[in-house]
Amino acid sequence: MRSRLPLAVVAVAIPVALSAQDTARLGSRLDSATQTVVLRTVESARTRGLPVEPLVDKALEGATKRATGARIQAAVSALLRRLELARDALAPNPGPRDIAAGADALA
Amino acid sequence: MAERRGEPGEIVERAVEALRSQPPTDGDAVAQIVASAARARAEDSSPNDDDLFPAVAARRPSWLRVASFAAAVAGILLLGFGLWRSIQRQGTRDTVLTATRSAVGSASPVFRAASAPHESADAALVPTQFVFDGRARHVALVGDFNNWDDHATPLEREPGSSLWSVTVPIQRGRHIYAFLVDSTWTVDRRAPVARDPDFGVTGSVIIVGRP
């Protein structure tokens, strides 16, 4: 039982660290409500084995283009669906960049 | 030992004499001995020192078979990894970028060939120069390669001209970008346009690396 403790700590620590990275990348460029929704979408992508970089990029792109929070949330959610479609279309073993390129093509 | 070719020496002549003095060989006895030896060899499956092709496969311990299989798999994986790295490096060396020059009053990216010291096999970052030509107080580059951060990549103006430029290491592939000219979103008029169904603000497209 004691030998499994480090594994459990690592299993919890890695997602927390990755989530912290996403939060740091988003910084203060989104309002808190939009940031919460975007981070939830990013986490959903991560648990499905999808690349999360394009989602964070999309949110930042929206912020730079001065889009509203609602529009950013919609864009990130739409991109998540496209990533999933692209991953399925490119099965069995597409890489993260392949999936992102496929999602771009589906836009 | 000074024998000439074709002439038997003294030792050979003595051996021949000794063999002639033996009684004649019984052919049936030889056949029986050979047959019984063959039967004994067939019944005895243990390895012998004089076996030319000893049957060791059936007797090899299971751990040895597993180890052999693992070694073979590791070898194949190493070979595959080596080939993959070799292809990656070749692709990086073959990067070909075209150069364009901006005209007065327009903005255009200038793509330059990557130099080896700036590239790593994995990241494959390619130094890419962007040029904006026009009057402005401040010009910044934003794109998917710098987190769309309008503070991250300011362009510098060449003294005595209206040319602004910056060189950024970018991963190979397709990227979207734009200039912020005095905080105004400005697309590159000479670059292909990237439509934007999500936010409705078009950008410019740059393809870094081989098509």
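Peer 1: How should the interface of chain B and chain A be read in this particular structure?
Peer 2: Accessible area lost on assembly of the parts is the figure often given for the size of an interface. Every contact between the two is made by 18 residues of chain B and, on the other side, 18 residues of chain A. Taken together, the two surfaces of chain B and chain A that pack against each other cover about 1,500 Å², and 50% of this comes from carbon and sulfur. Three residues, B:W148, B:D198 and B:F199, lead the burial of chain B against chain A; their summed loss comes to 48% of the area buried on that side. Taken together, chain B and chain A are joined by four salt bridges.

Peer 1: What is the right way to look at the packing of aromatic side chains in this model?
Peer 2: Two aromatic rings, taken as a pair, are described by how far apart their centres are and by the angle between their planes. Residue and element names in this part refer to chain B. All chains considered together, the criterion is met by five aromatic pairs over all chains. Aromatic side chains F132 and F179 sit 5.7 Å apart centroid to centroid with 55° between the ring planes, which places their arrangement in the tilted category. Of this pair, F132 sits in strand β2 (residues 125-133) while F179 sits in strand β6 (residues 173-181), and the two are 47 residues apart along the sequence. Members of the aromatic cluster, connected to one another through ring pairs, are F130, F132, F145, Y177 and F179.

Peer 1: Explanation requested: helix α4 (residues 69-89) of chain A in the structure shown.
Peer 2: Since the α-helix advances by 3.6 residues per turn, residues separated by three or four positions end up pointing in the same direction. All names here are of chain A. For α4, spanning 21 residues, the distance from its first C-alpha to its last is 30 Å, which sits close to the expected 30 Å at 1.5 Å a residue. Here α4 has its buried residues at G69, I72, A75, V76, A78, L79, L80, R82, L83 and A86. Tucked inside the fold, the buried residues of α4 contact α2 (32-47), α3 (53-64) and α5 (96-106).

Peer 1: Before we go on, may I ask you to explain the pattern of salt bridges in this structure?
Peer 2: Any two side chains of opposite charge can pair, so long as their charged atoms come close to each other. Applying the stated rule across the entire model yields 12 salt bridges over all chains. Close ionic contact of A:E61 with A:K65 constitutes a salt bridge, the shortest N to O distance being 2.7 Å. Between A:D88 and A:R87 there is a salt bridge; the shortest N-O distance is 3.3 Å. Where salt bridges share partners, they join A:K58, A:E61, A:K65, A:R82, B:D196 and B:D198 into one cluster.

Peer 1: Got a minute to help me understand the environment of A:Q35 in this structure?
Peer 2: All names here are of chain A. If you trace the backbone, Q35 turns up in helix α2. Placed 34 residues apart in sequence, Q35 and G69 show a C-alpha to C-alpha distance of 8.7 Å. Beyond its immediate stretch of four places on either side in the chain, Q35 contacts T23, L26, G27 and L30.

About the thresholds
- Residues numbered from 1 in each chain as written.
- Chains lettered and ligands numbered in written order.
- Predicted model: local features only at pLDDT ≥ 70, side-chain atom pairs only at ≥ 80, totals over all residues.
- Heavy atoms only, no water.
- Contact = heavy atoms within 4.5 Å.
- Buried area = accessible area lost by both parts, 1.4 Å probe.
- Salt bridge = Lys/Arg side-chain N within 4 Å of Asp/Glu carboxyl O.
- Phe/Tyr/Trp six-rings, centres within 6.5 Å; stacked < 30°, edge-to-face > 60°.
- Helix = DSSP H or I, 4+ residues; strand = E, 2+ residues; numbered from the N terminus.
- Expected span 1.5 Å × (residues − 1).
- Buried < 20%, exposed > 50% of the residue type's maximum accessible area, 1.4 Å probe, protein only.

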